[in-house]
Amino acid sequence: MEVCESVVADCGIAGRLFWRLSEDGASATAHELDLAEDPQGLRTLTLAVAGGPLTDAQHEQLGWFGRLAAGRLRQLAETTRLYEAISRLALAERLQRALYAIAEQAGTERNLVDMMRSLHGIVGSLMYAENFYIALYDEAADAVRFPYYIDTADKDPPRPDQSTPLRELWQSLTWHLFKGGKPLMGSIDELARQLQGRLAPVGPACEHWLGVPLVRNGRVMGGIVVQSYRADTHYTQQDSELLAYVAQHVQTAFERREAHVELERRVADRTTALREANRVLRQQVLQRQRGERLQAALFRIAELASTSESLDNFYAAVHRIIGGLLYARNLYIALLDEDTQQLSFPYSIDEVDSVRPARKHGRGATEYVLRHGKPLLADPQEIDRLVALGEISRFGPRSVCWLGVPLVLGERVMGVLAVQSYTPEHTYTERDQELLTFVGYHVANALQRRHNAEALKLAYSSLERRVAERTRALALANRDLREQIAERERVERRLKYETLHDSLTGLPNRTLLLQRLEQALQRYLANPQELFAVLFIDLDRFKVINDSVGHLVGDDLLFQVGGRIRACLKTRDVVARLGGDEFAVLLESIRDTGKAMQIAERIIDELQAPFRLGAKEVFTSASIGITLASPHYQKPDELLRDADAAMYNAKYEGRHRAALFDDRLRREALSLLEMEGDLRRGLARAEFEPFYQPIVTLADGRTVGYEALLRWHHPERGLLKPNDFLLVAEENGCAEAIDWQIFEQVCAQAALLAGIHGFVSINVSGRHFRSADTDERLLDLMRRHGVPARSIRIEVTEHTLLDNPAQVKRMLENLRRHGVYIALDDFGTGYSSLSYLHQYPLETLKIDRSFVTGLPREGDSHGTAVVRAIQVLADSLQMKVIAEGIEDEAQRQTLLGLGCRYGQGFLFAEPRPASAWLPDVTAQPV
């Protein structure tokens with residue numbers, strides 16, 4: 001003003017300079033002249049002219065002077081604005097450091113009290129916070145707890161573990177903060193006016209008070225309060241907004257703590273699942289024990305046939321043995337005399353029908369089993385049905401469940417073994433039927449041997465009485481005795497043979513093969529010159545043959561396959577059927593690997609010839625794995641295991657070939673085992689992290705969003721991409737848990753990454769859509785982290801849409817209704833069907849990198865045509881297109897020429913962790 005007055009005086013103009021406020025609404029009078037406006041405020045520099053009117057020269061001088069003064073005022077305003085901007089930047093930097101510190105506190109292993117003490121220090125770096133407390137509100141119990149409370153004036157602070165009913169704080173400032181859900185600030189008098197007198201102060205009276213609520217999903221979960229007892233220290237609206245912003249991140253920190261607790265709960269659930277698996281394993285052990293009891297029972301029945309003194313004792317002992325296998329309180333044995341057609345009951349124990357007299361062959365349930373020669377498992381409804389069909393005309397006492405099996409010797413049905421139950425607590429199943437049928441065969445054999453033994457005793461008695469005159473009868477009896485002994489030996493040999501041989505092909509089974517392998521391994525370890533090899537043979541596409549022509553033809557094929565393999569070997573070599581379409585061969589006394597490979601090729605060529613199965617001609621082939629004896633093998637099972645692995649390698653290489661187990665396969669097997677263990681440990685230690693690759697506009701490179709990509713921080717192998725471990729994770733069932741761990745991190749970081757208009761894309765594989773609640777879980781996850789649905793985009797592949805399409809469509813539509821956009825990933829690499837583009841709620845198509853990589857630098861190509869077609873299709877459907885894998889400027893220019901607006905790739909940025917993007921996230925709207 002002094003400079004301006006000096007200039008006016010030098011111009012010879014008499015007058016007075018003053019500031020006229022523009023808000024007064026009054027304009028300059030006739031004797032007043034406005035020279036310049038101040039941009040910093042609503043005021044104008046005005047000259048009040050004294051004396052006569054001004055000359056033209058004076059008007060020109062004052063005009064020049066006014067422009068000069070206006071320019072100076074604008075410079076001063078710009079300088080002031082720059083100083084204010086610097087102050088705001090300093091405040092923003094301090095706030096950002098505070099938010100980073102809050103996020104770091106949420107991720108540390110420190111206890112809650114230490115974390116809150118650190119939060120106190122962080123808030124104190126932003127504003128005056130000498131008196132600070134955090135209150136948590138339990139809505140279910142309507143109680144409040146103060147886990148952290150620092151106050152210089154309060155001599156009786158609340159304990160951190162003490163819960164106080166909210167009604168005891170009725171109309172206090174904390175009560176109003178929880179009930180109103182909005183920030184409160186001011187002195188006690190100001191707050192009383194804001195609350196219309198509904199204020200009952202609790203504790204020491206403060207000079208100024210500021211509190212903000214902790215809100216999650218629209219519900220107040222607690223609050224943060226600072227207060228001042230100093231007259232010279234008051235809080236401002238900027239402090240209120242700053243504390244409210246910090247409170248949002250403090251709430252996020254608490255939620256991350258809760259997520260850690262949730263992870264521990266999931267670990268406990270996994271432990272429960274393992275305990276359940278252990279229970280199933282114990283049940284399998286019990287089933288094996290039942291099988292051993294059955295074998296022991298059969299041996300006991302065979303032993304009783306020779307040791308029992310009388311048939312009554314034999315029947316009673318058999319009853320006790322059967323009672324150890326199933327419910328047999330009511331049991332009887334019926335025998336048929338073929339000469340008289342008389343049905344007798346030599347043994348019967350029944351709680352209702354205690355007497356079973358012999359009868360003529362009729363049409364009862366017992367005769368039904370005799371007549372058809374097959375078991376009958378019947379309840380009252382089944383008996384009524386058979387009566388209606390005329391198969392049964394009479395039945396004894398009405399039982400709840402009746403089970404009868406034929407006693408078959410050779411091809412002759414000699415009797416029936418039956419059990420029944422009169423109470424609903426005890427019923428029989430098909431498994432009981434199979435068990436009793438199997439026991440029935442052995443009981444029939446034992447009865448036959450027992451009858452033979454009785455006949456032998458009669459023969460001996462007759463021989464003693466008539467030794468003199470019946471010499472010839474004695475010779476016949478001796479011949480019968482030798483025949484019976486031979487028959488028994490034959491049966492025993494047959495039992496032993498069946499135990500060690502396959503019932504279908506007659507080849508040795510796994511048990512006999514392991515015995516021979518054990519002997520060969522012992523000979524090799526004693527003398528390494530006794531080299532041998534193991535061949536593991538599996539028929540290719542045998543299931544297709546079985547399903548198309550039937551199991552009987554399949555069994556015939558297996559029988560002929562066993563014969564052809566046997567024909568390719570020496571006499572001392574062993575070929576065994578392990579089960580299904582799997583065979584194994586033991587080659588002894590071979591010279592080297594070449595000999596084993598030569599025999600394997602011979603078997604493959606032999607099995608390639610067509611098989612004549614009845615009226616059909618069937619073709620098959622085989623894949624063979626070969627293992628040679630080596631000093632590191634200690635058990636025969638190890639040889640079979642490695643040969644099996646080599647066989648699967650042969651199938652992987654194209655089938656119809658032989659593969660030798662080598663150190664590479666052994667290393668791969670060990671590496672696979674280590675990888676599975678590392679995956680489970682990595683899940684427990686949270687070693688999986690999302691890396692983010694920006695999605696940009698191709699025209700100017702602006703970031704519009706990010707795609708979250710899975711990475712594994714392996715403690716030994718470093719940073720791994722999904723191609724290095726995802727296939728193993730899918731096979732051992734860890735893939736879904738890894739994905740949810742990544743989804744959790746993405747939702748925790750999405751708010752900062754996406755900003756207001758951006759988004760973060762997550763890849764959801766088809767296996768997640770097999771669970772009917774995947775969409776609700778994703779929405780709950782977003783709500784829990786406070787992420788707007790528009791900030792998350794779901795990327796699915798074409799294969800996902802084709803697997804259970806109805807359920808996938810329902811879940812995608814539910815996500816879209818809640819505001820989540822859906823992108824179709826890798827478009828063009830699958831079926832590329834146009835039908836589902838309008839059936840599913842798709843918003844974006846992503847062009848696979850294979851098409852982008854093939855784009856020419858100039859000219860045209862098939863890749864260009866495909867990309868152009870995809871772009872035209874998307875434009876017609878009003879869908880966005882994002883090109884993946886852009887690595888050079890020529891590809892970017894080609895895509896721009898084709899009309900593509902968005903893309904991602906190494907040309908713009910490599911995938912990086914969230915910490916690399918958070919400082920300067922400026923996502924633009926798509």
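Residues numbered from 1 in each chain as written. Predicted model: local features only at pLDDT ≥ 70, side-chain atom pairs only at ≥ 80, totals over all residues. Heavy atoms only, no water.

Considering the overall build of the protein chain
A count of helical and extended segments in the protein chain gives 27 helices and 32 strands. Against the compact-globule benchmark of 29 Å for 926 residues, the protein chain has a radius of gyration of 46 Å, which places it well outside the compact range. Its C-alpha atoms give the protein chain principal-axis dimensions of roughly 180 × 80 × 65 Å. Residue burial in the protein chain is summarised as follows: out of 926 residues, 44% are buried. Carbon and sulfur atoms provide 52% of the accessible area of the protein chain, an area that totals close to 49000 Å². Placing the 111 positive and 127 negative side-chain charges of the protein chain at their respective mean positions leaves the two points 7 Å apart. (Helix = DSSP H or I, 4+ residues; strand = E, 2+ residues; numbered from the N terminus. Rg over C-alpha atoms; globule rule 2.2 N^0.38 Å. Buried < 20%, exposed > 50% of the residue type's maximum accessible area, 1.4 Å probe, protein only. Areas by Shrake-Rupley, 256 points an atom, 1.4 Å probe, with all protein chains shown as cover. Lys, Arg positive; Asp, Glu negative; His and termini not counted. Charge placed at Lys NZ, Arg CZ, Asp CG, Glu CD.)

With respect to the sheet that holds strand β4 (residues 131-138)
Pairing in this open sheet of 6 strands is antiparallel, and the strands run β6-β5-β4-β9-β8-β7 from one edge to the other. Lying at the two open borders of the sheet, with one neighbouring strand each, are β6 (163-165) and β7 (184-186). Between one strand axis and the next, the sheet turns through 25° on average, direction left out of account. Packed on one face of the sheet, helix α4 (residues 173-180) meets β4, β5 (143-150), β7, β8 (208-216) and β9 (219-228) and runs near 145° to β9. (Pairing = 2+ DSSP bridges. Axes fitted to C-alpha atoms, helices over the stretch in contact; angles between N-to-C directions. Contact = heavy atoms within 4.5 Å.)

Some points on the packing of helix α12 (residues 510-526) against helix α16 (residues 636-652)
In the contact formed by α12 and α16, the axes pass within 8 Å of each other and the chain directions differ by 110°. Classified by the angle their axes make, α12 and α16 are roughly perpendicular. Across from R510, L513, L514, L517, E518 and L521 in α12, the residues of α16 making contact are P636, D637, L639 and L640. Here the contact of α12 with α16 is built from residues that sort into 7 nonpolar, no polar and 3 charged. (Parallel < 35°, antiparallel > 145°, perpendicular 65-115°, else oblique. Nonpolar A, V, L, I, M, F, W, Y, C, P; charged D, E, K, R; others polar.)

Details of the layout of surface pockets
Empty space among the atoms becomes apparent when a probe as large as a water molecule is rolled across them. Of the voids in this model, the second largest pocket is the one considered here, and its volume is about 1400 Å³. For the lining of the second largest pocket, the secondary-structure elements that each account for two or more residues are β23 (688-697), β24 (703-714), α18 (726-732), α19 (735-754), β26 (760-763), α21 (798-802) and β28 (821-827). At 5 residues, β24 tops the list of elements feeding residues into the lining of the second largest pocket. (1 Å grid on protein atoms, 1.4 Å probe; cavity = no way out; pocket = protein on both sides within 12 Å on 5 of 7 lines; lining within 4 Å. Points joined across faces, edges and corners; volume = space filled by probe spheres on them.)

Remarks on the pattern of salt bridges
Under the definition given, this model contains 42 salt bridges. The salt bridge partner of E887 is R849, with a shortest N-O separation of 2.9 Å. Remark: R849 occurs in helix α24 (residues 849-853) and E887 occurs in the loop between β30 (880-883) and α26 (889-897); sequence separation between them is 38 residues. Salt bridges sharing partners connect three or more residues here, namely R516, R523, R572 and E588. (Salt bridge = Lys/Arg side-chain N within 4 Å of Asp/Glu carboxyl O.)

Considerations on the packing of aromatic side chains
Enumeration according to the criterion identifies 16 aromatic pairs in this entry. Ring geometry for W740 and F743: centres 5.3 Å apart, planes at 80°, overall edge-to-face. Within this pair, W740 and its partner F743 are both found in helix α19, separated by 3 residues, close to a single helical turn. By relative accessible area, W740 is classed as buried at 9%. Looking at F743, the relative accessible area reads 4%, which means it is buried. Among the aromatic residues, those joined into a cluster by ring pairs are Y133, F146 and Y149. Over the aromatic face of F611 sits the side chain of R564, whose NZ or CZ is 3.6 Å from the ring centroid. Taking the ring centre of Y821 as reference, the NZ or CZ of R793 above it sits at 5.1 Å. (Phe/Tyr/Trp six-rings, centres within 6.5 Å; stacked < 30°, edge-to-face > 60°. Lys NZ or Arg CZ within 6 Å of the ring centre and 35° of its normal.)

Topic: the sheet that holds strand β17 (residues 574-579)
With respect to topology, 5 strands assemble into an open sheet ordered β17-β18-β16-β21-β22, the strand pairing being mixed. Since the sheet does not close on itself, it has two edges, and those belong to β17 and β22 (658-660), each with one partner. Adjacent strand axes in the sheet meet at a mean angle of 20°, parallel and antiparallel pairs treated alike. Across 3 bridges, strand β21 (residues 621-628) lies against β22 in parallel orientation. Bridging across to β22, I626 finds its partner in L660.

Things to note about unusual backbone geometry
Phi is mostly negative for residues that are not glycine, and the peptide bonds are mostly trans. Despite not being glycine, R541 shows a phi value in the positive range, around 60°. As for its placement among the helices and strands, R541 is situated in the loop between β16 (532-540) and α13 (542-549). Phi at Q878 is positive, roughly 55°, even though this residue is not glycine. If you trace the backbone, Q878 turns up in the loop between α25 (862-876) and β30. Residue classification places Q878 among the exposed residues on the basis of a relative accessible area of 75%.

Examining the nonpolar core
Core analysis: the biggest nonpolar cluster contains 69 residues, and L679, F688, Y692, I762, I794, L812 and L895 have the highest contact counts within it. Here this core gets 10 residues from one element, more than from any other, and that element is α19. Apart from residues lying up to four places away in sequence, I762 is in contact with A708, F743, V746, L778, I792, R793, I794 and E795. By size, the runner-up hydrophobic cluster in this structure holds 55 residues, among which are L517, V534, A596 and A622. (Core = buried A, V, L, I, M, F, W, Y, C linked by side-chain atoms within 4.5 Å.)

Describing α12
If you check α12, its first and last C-alpha atoms are 24 Å apart, about what 17 residues at 1.5 Å a residue would give, namely 24 Å. Of all the residues in α12, the buried ones are L512, L513, L517, A520, L521 and Y524. Check the buried side of α12 and you find it contacts α11 (471-500), β16, β17, β18 (582-588) and α16. Residue N509 occupies the N-cap position of α12, its side-chain oxygen lying 3.2 Å from the main-chain nitrogen of T511. (Expected span 1.5 Å × (residues − 1). Polar contact = N/O pair within 3.5 Å; in protein donor to acceptor, adjacent residues only side chain to side chain.)

Quick word on empty space enclosed by the protein
For the structure shown, the criterion picks out 3 cavities of 30 Å³ or more. If you add up the space inside the largest cavity, you get close to 40 Å³. For the largest cavity, the full set of lining residues is A520, R523, E530, L531, F532, R572, E588 and S589. Partitioning the lining of the largest cavity into residue classes produces 3 nonpolar, 1 polar and 4 charged.

Describing the confidence of the model for the protein chain
Close inspection of predicted coordinates is inappropriate in any region flagged by low pLDDT. Across the protein chain, pLDDT averages 84, with 94% of residues at or above 70. Per-residue pLDDT stays below 50 along residues 920-926; that stretch engages in 21 contacts with residues further than four places along the chain or on separate chains. (pLDDT = per-residue confidence, 0-100.)

Focus: the packing of α13 against helix α14 (residues 551-567)
Following both chains from N to C, one finds α13 and α14 inclined at 140°, their axes separated by 7 Å at the closest point. As far as their axial angle goes, α14 and α13 are oblique. Here F542, I545, N546 and V549 of α13 lie close against α14, whose contacting residues are H551, V553, G554, L557 and L558. Looking at the contact of α13 with α14, its residues break down into 6 nonpolar, 3 polar and no charged.

As for the side chain of T505
Here T505 shows up in the loop between α11 and α12. At 2.8 Å, the side chain of T505 and the side chain of D502 are in polar contact. Within the local environment of T505, its side chain forms a polar contact with the backbone nitrogen of L507, the two atoms lying 3.3 Å apart. Among all residues touching T505, those that are not within four sequence positions of it are L558, F559 and R577.

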